[in-house]
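Structural characterization, general
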Protein chains: 4
Amino acid sequence: MLFATSAGSTPLLARYRSIREQTQALCAPLTPEDTVMQPMQDVSPPKWHLGHTTWFFESFVLQPHLPGYRPFHPQYAYLFNSYYNSMGSRVARSDRGTLSRPPLEEIYAYRRHVDHWMEKALADEGFLQQPQLLDLVELGLQHEQQHQELLVTDIKYILSSTPLMPAYAAKPQPVYESFQAKEPQNEWCTVPAGTYTIGHQGEGFCFDNEQQPHQVYLPEFKARRTLVTNAEYAAFIEAGGYAQFQHWLDEGWQLVQQHHWQAPLYWVKQEGKWWHFTLHGLEEIEPQAPVTHLSFYEAQAYATWSGHRLLTEFEWEALAQRHANPVAEGNFLESGSFHPVAAAQPSGSSGAAHLLGNAWEWTYSGYFPYPGFKTAPGALGEYNGKFMINQMVLRGGSCATPQSHIRPTYRNFFHPDKRWQFTGIRLAQP
Amino acid sequence: MLFATSAGSTPLLARYRSIREQTQALCAPLTPEDTVMQPMQDVSPPKWHLGHTTWFFESFVLQPHLPGYRPFHPQYAYLFNSYYNSMGSRVARSDRGTLSRPPLEEIYAYRRHVDHWMEKALADEGFLQQPQLLDLVELGLQHEQQHQELLVTDIKYILSSTPLMPAYAAKPQPVYESFQAKEPQNEWCTVPAGTYTIGHQGEGFCFDNEQQPHQVYLPEFKARRTLVTNAEYAAFIEAGGYAQFQHWLDEGWQLVQQHHWQAPLYWVKQEGKWWHFTLHGLEEIEPQAPVTHLSFYEAQAYATWSGHRLLTEFEWEALAQRHANPVAEGNFLESGSFHPVAAAQPSGSSGAAHLLGNAWEWTYSGYFPYPGFKTAPGALGEYNGKFMINQMVLRGGSCATPQSHIRPTYRNFFHPDKRWQFTGIRLAQP
Amino acid sequence: MLFATSAGSTPLLARYRSIREQTQALCAPLTPEDTVMQPMQDVSPPKWHLGHTTWFFESFVLQPHLPGYRPFHPQYAYLFNSYYNSMGSRVARSDRGTLSRPPLEEIYAYRRHVDHWMEKALADEGFLQQPQLLDLVELGLQHEQQHQELLVTDIKYILSSTPLMPAYAAKPQPVYESFQAKEPQNEWCTVPAGTYTIGHQGEGFCFDNEQQPHQVYLPEFKARRTLVTNAEYAAFIEAGGYAQFQHWLDEGWQLVQQHHWQAPLYWVKQEGKWWHFTLHGLEEIEPQAPVTHLSFYEAQAYATWSGHRLLTEFEWEALAQRHANPVAEGNFLESGSFHPVAAAQPSGSSGAAHLLGNAWEWTYSGYFPYPGFKTAPGALGEYNGKFMINQMVLRGGSCATPQSHIRPTYRNFFHPDKRWQFTGIRLAQP
Amino acid sequence: MLFATSAGSTPLLARYRSIREQTQALCAPLTPEDTVMQPMQDVSPPKWHLGHTTWFFESFVLQPHLPGYRPFHPQYAYLFNSYYNSMGSRVARSDRGTLSRPPLEEIYAYRRHVDHWMEKALADEGFLQQPQLLDLVELGLQHEQQHQELLVTDIKYILSSTPLMPAYAAKPQPVYESFQAKEPQNEWCTVPAGTYTIGHQGEGFCFDNEQQPHQVYLPEFKARRTLVTNAEYAAFIEAGGYAQFQHWLDEGWQLVQQHHWQAPLYWVKQEGKWWHFTLHGLEEIEPQAPVTHLSFYEAQAYATWSGHRLLTEFEWEALAQRHANPVAEGNFLESGSFHPVAAAQPSGSSGAAHLLGNAWEWTYSGYFPYPGFKTAPGALGEYNGKFMINQMVLRGGSCATPQSHIRPTYRNFFHPDKRWQFTGIRLAQP
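One numbering rule holds for all chains: residues counted from 1, following each sequence as written. Here every chain gets a letter starting at A, and every ligand a number starting at 1, in the order they are written. Local features in this predicted model are restricted to residues of pLDDT 70 or higher, and side-chain atom pairs are both shown and tallied only at a pLDDT of 80 or more, whereas totals for entire chains, interfaces and linings draw on every residue. Think of the side-chain values as coming from all heavy atoms in the structure, minus any hydrogens and water.

Quick look at the interface of chain C and chain B now. What makes two residues a contact is simply this: any of their non-hydrogen atoms within 4.5 Å. Opposite the 29 residues of chain C that make contact, chain B presents 29 residues. Two parts placed together each lose some accessible area under a 1.4 Å probe, and adding up what both lose gives the buried area. Counting the surface lost from both chain C and chain B, the interface buries some 2300 Å², and carbon and sulfur atoms represent 64% of this. By convention in these notes, a salt bridge is any Lys or Arg side-chain nitrogen within 4 Å of a carboxyl oxygen on Asp or Glu. Here chain C and chain B share 2 salt bridges between them. Between aspartate 250 of chain B and lysine 386 of chain C there is a salt bridge, with its nearest N and O atoms 3.9 Å apart. Here a polar contact means two N or O atoms within 3.5 Å. Within protein one must be a hydrogen donor candidate and the other an acceptor candidate, and residues neighboring in sequence count only if both atoms are side-chain atoms. Across the chain C-chain B interface, the total number found is 10 residue pairs in polar contact (both at pLDDT 80 or more). Going along the chain from the N terminus, every DSSP run of H or I of four or more residues is numbered as a helix, and every run of E of two or more is numbered as a strand. Broken down by secondary-structure element, the contributors of at least two residues to the side of chain C that touches chain B are strand E3 (214–218), helix H8 (250–259), helix H9 (296–305) and strand E9 (360–366) of chain C. In this classification, the charged set is Asp, Glu, Lys and Arg, the nonpolar set is Ala, Val, Leu, Ile, Met, Phe, Trp, Tyr, Cys and Pro, and all remaining amino acids, among them Gly, are polar. For the side of chain C that touches chain B, the class distribution of residues is 17 nonpolar, 8 polar and 4 charged.

Moving on to the arrangement of the chains. The least C-alpha distance between chain A and chain C, which are not in contact, is 14 Å. At their nearest point, the C-alpha atoms of chain B and chain D are still 14 Å apart, with no contact between the two.

Throughout the structure, instances matching the rule amount to 91 salt bridges over all chains. A salt bridge links glutamate 33 of chain B to lysine 47 of chain A, with the nearest nitrogen and oxygen atoms 3.0 Å apart. Pair noted here: glutamate 33 of chain B is in the loop between helix H1 (9–27) and helix H2 (46–65) and lysine 47 of chain A is in helix H2 (residues 46–65), and the two residues belong to different chains. Accessibility classification places glutamate 33 of chain B together with lysine 47 of chain A in one group, the buried group. Glutamate 315 of chain C is paired through a salt bridge with arginine 309 of chain C; the nearest N and O atoms lie 2.9 Å apart. Remark: exposure states derive from per-residue accessible area (1.4 Å probe, protein chains only) relative to the maximum for the residue type, with buried under 20%, exposed over 50%, and partly exposed in between. Among the residues examined, glutamate 315 of chain C registers a relative accessible area of 7% and is labelled buried. The exposure class assigned to arginine 309 of chain C is partly exposed, which follows from its relative accessible area of 24%. Here the salt bridges do not stand alone but share partners, grouping Arg20, Arg111, Asp115 and Glu144 of chain A into one network.

As a further point, take the nonpolar core. Nonpolar core, defined: a set of buried Ala, Val, Leu, Ile, Met, Phe, Trp, Tyr and Cys residues in which side-chain atoms within 4.5 Å join the residues together. Membership of the largest hydrophobic core comes to 508 residues, with the highest contact counts inside it found for Ile425 of chain A, Ile425 of chain B, Ile425 of chain C together with Ile425 of chain D. The residues touching isoleucine 425 of chain B, leaving out its near neighbours within four places in the chain, are Leu227, Val228, Tyr233, Val291, Leu294, Ala299, Tyr302 and Leu310 of chain B.

Residues and elements named next belong to chain D. Criterion used throughout: strands pair if DSSP finds at least two bridges between them. Read from one edge to the other, the open sheet built from 3 strands follows the order E5-E6-E7, with strand pairing classed as antiparallel. This sheet does not close on itself; its edge strands, each paired only once, are strand E5 (267–270) and strand E7 (281–284). Across the sheet, the mean angle separating the axes of adjacent strands is 35 degrees when strand polarity is ignored. In this sheet, E7 lies alongside strand E6 (residues 273–278) in antiparallel orientation, the contact comprising 4 bridges. The residue of E7 that forms the bridge with phenylalanine 277 is leucine 282. What counts as an axis is a line fitted to C-alpha atoms, over the stretch in contact for a helix, and the angles between N-to-C directions run from 0 to 180 degrees.

Interface size is commonly expressed as the accessible area that is lost once the parts come together. At the interface, 30 residues of chain A touch 30 residues of chain B. When chain A packs against chain B, close to 2300 Å² is buried across both sides, 64% of that on carbon and sulfur atoms. Looking only at chain A, the three residues that lose the most surface to chain B are Glu33, Arg101 and Leu164 of chain A, adding up to 31% of its buried area. Between chain A and chain B we count 4 salt bridges in total. Here aspartate 34 of chain B and arginine 101 of chain A are joined by a salt bridge, their closest N and O atoms 2.6 Å apart. In this structure, the connection of chain A to chain B is made through 12 residue pairs in polar contact (both at pLDDT 80 or more). Of all the secondary-structure elements, those providing two or more residues to the side of chain A that touches chain B are helix H3 (76–80) and helix H6 (131–161) of chain A. Of the residues forming the side of chain A that touches chain B, the biggest block, 3 residues, is contributed by H6 of chain A. The residue makeup of the side of chain A that touches chain B, split by class, is 17 nonpolar, 9 polar and 4 charged.

Moving on, we come to helix H7 (residues 230–238) of chain D. Residues and elements named next belong to chain D. Of the positions making up H7, those classed as buried are Asn230, Tyr233, Ala234, Phe236 and Ile237. Along the axis of H7, the buried positions cluster into a sector of 150 degrees, meaning they face one direction only. In this fold, the buried residues of H7 make contact with E5, E6 and helix H9 (296–305). Downstream of H7 by one or two residues, glycine 240 has phi in the positive range, about 90 degrees. The directions considered for the arc are those from the helix axis to the C-beta atoms.

Glancing now at the pairing of strand E5 (residues 267–270) of chain A. It is a general feature of regular strands that their side chains alternate between the two faces of the sheet. Residues and elements named next belong to chain A. Direction of pairing for E5 relative to strand E6 (residues 273–278): antiparallel, over a ladder of 4 bridges. The partner of valine 268 across the bridge, within E6, is tryptophan 275. Counting the residues that bridge the hairpin from E5 to E6 gives 2 residues, and of these glutamate 271 lies at a positive phi of roughly 50 degrees.

Turning next to the relation of the copies chain C and chain B. The copies were overlaid with a least-squares fit restricted to C-alpha atoms from residues scoring a pLDDT of at least 70 in each copy. Least-squares fitting of chain C to chain B yields an RMSD of 0.0 Å, with the transformation described by 0.0 Å of translation along the axis and a rotation of 180 degrees. Put plainly, the chains are arranged around a two-fold axis. Both copies present the same face, since 100% of the interface residues in chain C are matched by interface residues at the equivalent positions in chain B.

The next subject is the sheet that holds strand E8 (residues 309–310) of chain D. Residue and element names in this part refer to chain D. Taken in spatial order, the 4 strands line up as E1-E4-E13-E8 in an open sheet, and their pairing is antiparallel. The open sheet is flanked by strand E1 (188–191) and E8, the only strands paired with a single partner. Where E8 and strand E13 (residues 427–429) come together, 2 bridges link them in antiparallel fashion. Across the sheet, the residue bridging to leucine 310 is leucine 427, located in E13.

Within the fold, asparagine 85 of chain D resides in the loop between helix H3 (76–80) and helix H4 (104–122). Taking the relative accessible area as the measure of exposure, asparagine 85 of chain D reaches 18% and is therefore buried.

In this section: the relation of the copies chain A and chain B. Each copy of the sequence occupies a distinct position, and chain A is placed on chain B by a rotation of 180 degrees and an axial shift of 0.0 Å, giving an RMSD of 0.0 Å. Interface residue correspondence from chain A to chain B reaches 100%, placing this contact among same-surface, isologous pairings.

Next up on the list: the packing of helix H7 (residues 230–238) of chain A against helix H9 (residues 296–305) of chain A. Relative placement of two packed helices is described by the angle separating their axes and the distance separating the axes. Residues and elements named next belong to chain A. Two elements in contact, H7 and H9, have axes separated by 11 Å at closest approach and are oriented at 80 degrees. On the basis of their axis angle, the class for H7 and H9 is roughly perpendicular. Judged by residue contacts, Glu232, Tyr233, Ala235 and Phe236 of H7 engage Glu298, Ala301, Tyr302 and Trp305 from H9. The residue makeup of the contact of H7 with H9, split by class, is 6 nonpolar, no polar and 2 charged. Oblique is the label for every angle not falling under 35 degrees (roughly parallel), over 145 degrees (roughly antiparallel), or within 65 to 115 degrees (roughly perpendicular).

Laid out in C-alpha cells, this is it:
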C-alpha cells in the first residue's frame, strides 16, 4: 500500500465518526434541491458527494474484506463510482446533475448502513490487526476530507448560480487577531540556495504523489510573507491588467477574451465598488484579505505585472521548511470562516503567513511524478497518477481544507483555468 | 385581442381553480429534487413550470390591471420569464436547471399569493366586465394547460435520466374498452376532393395561429383509421429501417447516425424483447398500442418504408371534419393513463380513431402563418408568431393534453428532431 | 424517369458542348489556389465542382450505359460523389477543402476524357434512340447549370475571404436600360382570388420536385412590382432594424446576436457609407439596385418592419402566371453582370419586374413535396426529395442562373440562415 | 537581446542565402494548390510559411532599422503576422487556409524583394557593426529554420489529407550504415547521480528559453541507447495497448476513445500488415526504424506498458552530456530521408544513438521557465515565454530539423495530444 501509515485503532473509530459527521454537517444548511445541482461540469452535486464517499468505504473496505457484507443497493456502484475504470462503468461526470433519485433521505440511509458495518468492523479485534485494512480506512477518511473541501467550493458555485445568491452560513465573529489586520507589509522571506529534500518523509499518512522524497537543488530566492490582497489585485484590475496581453500567457489571454474575464470569479462591480459573492452572501471585498478564486493564468499575470513571479512547488516546500510560522497559521475548514482572512499583523516573526490554510497557492510547477513514483496495483492506482498531465500544483490548503488533512508536502492540482477553488497568490523574486 | 373568446364569469373562477390545482396535482408525486432537474435543454424543471405559469398571471393580468397589486418578489420576473423579449431579460433557457432556489415551498407560496389576488379579481364585478381582461385570464388558463402537458413529458424525461428509472404513477385499470383492443384493422377513411375551410371559426377560445380561417383545395386522399402500432413499428425496426438510408430524409439520416438511433426514445431491447420506459416504470411494449416518442424523421421514414406518407395539416383538419368519431375518442390527461392506448375495436363506425388525444400526429406541414395571420401588439405578440420557422405542425393532442384544451383546429409545433413529446404516426395515401 | 422531357438530338450535342464550356469559362479567371478553397462548409471548391459535374455524366450515363467505357481514375467516384448514398462512400462535405490533389490540370484532363466519350455517344444513332438516356443527359446538363450558379456564388465567397478582396471580373457596360433606372415606384400588382394550377405542366424539362401539377386556392393579394432596393434596406438598417427583436423570428434574432449581423453579407460601412464586396471588387452600394445576400430571416424581418409580408411559393407562381413581364426580364448568368441590377423604368407595363433572373426571392413556404410527388428509383431518387425538410423555397433565379435553366415553376431551396446566394425580397400585402 | 550570439559577418550572408533557398527548395515539389491547404488548425499552408518567414525579416530588421525601406505590400503585415500581439491584428490562425490570394508567384516576388534589401544590408559595413542587428538577423534565420521543419510536417499532413496520398519525394538510397541496421539491442546507458548544469552556456546562438543555465540534482538513472522501434510499438498494439486503460493517463485515454486511436498517426492496417503514409507515399513499416508520429500520451502509455518511463528534460540533457555519440548521429533535414531511420549497429560505442536528429523525444517535463528566465522587451518577448503552459518538452530534433539548428540544450514544446511532428520514444529506468 503506497498511501497510508495509520495510527492506533481506538482513535480511528473516533476519527471515522467525526469525519463522517462533518460531511453531513456541511450539507445541513442545504435544501434538497441544492443537493442535486451541477451548474458546471467541475461541480458535483452534494448528494453525489454524500453517496460517493460512502461508496468508497463500501467498495474498497466492506465488500472485499468484510465477510457477509451485502451492498446497500445493486445500482449504487454505478451511480457513485467517480473515475475508477477498474471498478466498472459509471454515470458520466457531466451527467451527475441528472440524478434526482435516489432521494436525499435514501442517501442518508445508505450512509447509516455503511457506517453501521464500518463501526462494526472498526470494533473488531481481528479486523484491526490487518494493517492493510487500516490503511484502506485511513485512505477512505482522507478521501472524504478531500470531498469536504469540494463540498464547500461546489456549494458556493451552486448557490452563486441562482440569481437570488443566498447565504450558506452566517458570518462568524472574528476569532483571532488576523481579522483586525492592518495593511500587510511588503515583507519577504529569504530561502538560501542549497539542496532540499522534497516529498513526504517519516510517519503519518501521505498520498502516493508525495513519494518518493528526493533531493532538489534550489538557488536562493525570496518569497512574500503574505498573500496578495484584494486591494493589491484590484489595483491590477484598475491598471488595465485584464486588457493588456503583455502580462498573460497566451492561452490565458485567449480565455480572458473568450469568457470576458474582468476580475476574479464571483467579483462584481456595483456603483464603483467591488463586491463578491461569499458563502455569507454578497459582500463588499475586504481590502486586506487575500484575493481568491483566481485561475493560474490570473495568478501568473498578476505576478508578471507586479514584477515578480510565482514559486515552484519545490521552492514552496523549501520555504515551508525554513519559514513556517506556527503561531500565525490558521483558518481551516474548522474555523467556519468559509473565506480567506487577512494575515495577522507581523509581530517580530519572520515566518511566512498562512502557508497552511486560507488559500491554495498556485505554483509554476506541473503536476508530474516525483522520481521513483509508483502507483498502487488495482483500482487505487487510479487515485492520483493518471491525472499527472496538464495540471498545475497548488500548495498549502485553504479555508475549506480540514486542518488534519493538510501538510507541507501535500500536492493539490488543478487545470490552470479553474477558478472555483479558494486559490490565491504568493509572490517570489527574483 | 387575437386569442380569446371567453365564456361567462362564474365558470371562469371555477375553471381557474380547477386548472391551477391540476398543475399542482401533477407535481405531487415528485421529490423536491425532481422539481429542479433539466437533463436536456428542451426540458424545464417542474419548479420552473410552477413559477412560470404563475408569473404569467402576475405579469399580464395582475400587475398591469389590478390597482394596488404588488409583485411577490422583485426577481421573479427575471427568474420566470420564458421567452418574452418585451418583458425584459431573463434566465437563459439552458440555465433553468441551475435554479435550486427559491425552494419549492416558496414557489407554492408564490402560487397562493397570486391565486389569492386572481380569485379576488375574478370575484369582482368591475373586473369581470372588461372583456379584454377575461381574454387575458382565459389565455393564462390555456397557457397553464399547455404547461401541464409539458410537465408530464418533462417529468417523464427527468425520471428516465436517473438509472433507477422510478415510476411516477401506478398503472390505472383500463377504464374503457380500448384497453382490450384486438388487432387493429388496416382500415382507411376516404376524404373527398374539395375546398375546405381550415382554421378556427365560431365561438370559443383559439390561439392566434389558428386564424384566419381560409379556403384550401384538397385532392381526394385516404387516411388510416388508427395510428401506427408498436407492433407495426417494431417490424420496421426488425426489417432494418434504421440501417437503410433510402427511407430517410437526409437530415434525419444524419441524426440516426450521429445519435445512434435504433428505436423510438425510451425503447430498450432486453433479451430479444422491446421494453420502454413509461410513467409507470419500465414495461414491455404493448403491441396494439400506438407507437410514440418519435421524431418527425422517424414518422416520415416509417411512412415511406410502408409505402405511404404523412398527412398535411390541411388534410388532417379535413379528415377531422369528415371522420371525427366522437364515441371512440378519449385518453386525455384526465384519464391518468399517461400513455397512448390501443384503439377500440372497430364497431361499425367509419370514423378515424383517436384523432383527439392519445398521441400527437406529425404532419408534413411546416408551422407557418395562415393567410391574414396577425400577431397581437406587445408581449403577447411573441406567444406564437415568432416561432414560425423550422418547425413542423402536429395535430390532435395526446394522452398528456387536458381534454378541454384540445380541438381539431389546434396547431402544435416542434422541431422535426424532437422525440420527448407523445408523438405518433397516422398514415395517408396515395 | 421523373425528371426530363428532352428535346431533339442535334441541339443536345450543341447544348452539351456549350454548357460544358461555360463551366470552364467561369473558372478561367481563377488562380489554381482559388480552385481548392472551402472557406465555409456550404462552399465547394471550384475544382470540386469541375470534377463533380463530370463525375455525374461518368457515373449516370457512361459507366452504366456505354459498353466498354472505363472510368478515368478508380478513386474519382470517391472524390467527386456529392451526397448519393446509393453511389457509395465519399469525401465528407466538410473535407472538400482538403483536396489539393488531383492537380487542376488533371481535372481538366478528366473533363476532356468524359467529354470525348459523351460526344461519341451523342453522335451515335443507337444511343440517341434511347429516350431514357437522353433524359439522363438532359439531367446532367441541368445539373451542371445548377453548379454554374454555385460556382459563381462560391467563387464570390472564396474571394471575399482573403483580405485582399480581389475582383473576379471587370464590371460590364450597362447593356440594357435597367442600368439607368430611376427611383423605383412603390407599385403593386394585384392577383385575384381563385384556384391556380401550381407545378410544371406541358413540354420541356422539369425537376421531380415541380411535379405533380395541382390546384391551389388563393385569396386575392398584391405583390410589389419591383424588388426591395439597397436604399430601402439601408433605411431599415438605419432605423435600427438589426437591434429590435420585434421584427424577427426568434431563431433569426438569435442568429443576429450570435453572429453580430448588422447588414447583408458582404456589406461594410466605411466613413458613413455602405460598400459591399462584389465580383468586381469592393464597390459603393447602388441605391436603386435590389438588395441581395440576405437570409430568409432578414427578408422576413424587413417585410415585417415595412408592414408587409413575403409571398408564399404558390402566390409567387400565380403572380408569374398573371403578371410576367417578358420585356423587362433579364440579367441572367449570360449578362456577365454577376450582380442584380436596378429594375427598368416602369413604362406602362403592369408586369412584375425581374420575376426571372436578378435575385432569388425568398418565399414563406417550406420546401415540401407537392401532392403526388414521387422520387425516381435508385440514386437519382436522392436528387431532391431527401432534402425536403427545414429549407425554404426560393423562386425566380438570379444573375448567376443560366437563362435556359430557369422557369416560373422552378423551386430552389436553402436553409433560412443562408446568405451567400444572390437572394432578395419581393413584398406582398395584405 | 536575449536570443542570439551571432558569428562573423561574411558567413552570415552566405547562411542567409543558403537558408532562404532551402525554404524554397522544400516547396518546389508542391502544386500551387498544395501551398494553400490547412487541413487542420495546427497546420499552416506552405504559402503562409513562405510569407511569414519573409515578414519576420521585413518587420523586425528592415522596417525598423533600414532607412528608406518600404514594405512590399500594405496588407502583408496583417496576412503574415503569426501571433505577435505587439505587431497588431492578423488573420486568425484557423483562417490561414482561406488565403487563396496573394498568388504563389507574388509571394516569391515578396521573398525576392526582401532578400534584395537584406542582402544589401548584410553587405553594408555600417549595418554589420551593430551587434543588435546581427542578433536580429540570426534570430530570423533560426526562425526560418524552425519553419522549415514545420513545412515538412505540414506538407506531410496536407498530402495525407487527399485520398490520393501522393509522394512528396523519391526515397533516397540509404547513405549511411544505419539503413542496414540489425535488430537493435536492448542496451542501456547509465547516467550517474549528481548535480548537472542544465541550459545553454558559452558561445553560439540559443533561444531565450534555454536560459539561464542552472544546477539540477539528479539521482542515477538508465536510458535506452536506441529509440523504441516500429516492431516494438506494433507489439504494444497487438497486445491490446490501445484497449487497456491501465497504461494511459486519463486525458490520453479519453482521446483514445474519442478519436478511436488504434495506432500512431499515418498508420493503416492492410491485410494484416501495418503500413504508414510517408513523404515517399504509402509504405510498409520498417520494423527496426523508430516509431514516430506519437502523442505524448502514446509515448507515456508505451513506456508504462513496457515497465519503463520517459526521461525528464533534465535527465535527457544530462544523458547528452555523458553519452553523446558523435559518430552515430545523423539524419537531419539535409539527409533528404524525411523519415526516421534505424539506428546503426552498436559498434563498441556506449553512446546513446540519435540523441540529435531522427525523432523528437517526448520528455515528462512541462515547458516552463528556467530559473532566471527573462523575456525580451517588445514583440520578440512574445517568441517563447507566453507559451509556457500546458505543453511538454521534446528534445533532440528530428529528420526534419536542419542540422545547424539543433543542439543538446534545445527545448521544443508541443501540447501532449499532438502527433503530426516526427516524435518518438526514448525509455528510462528505473
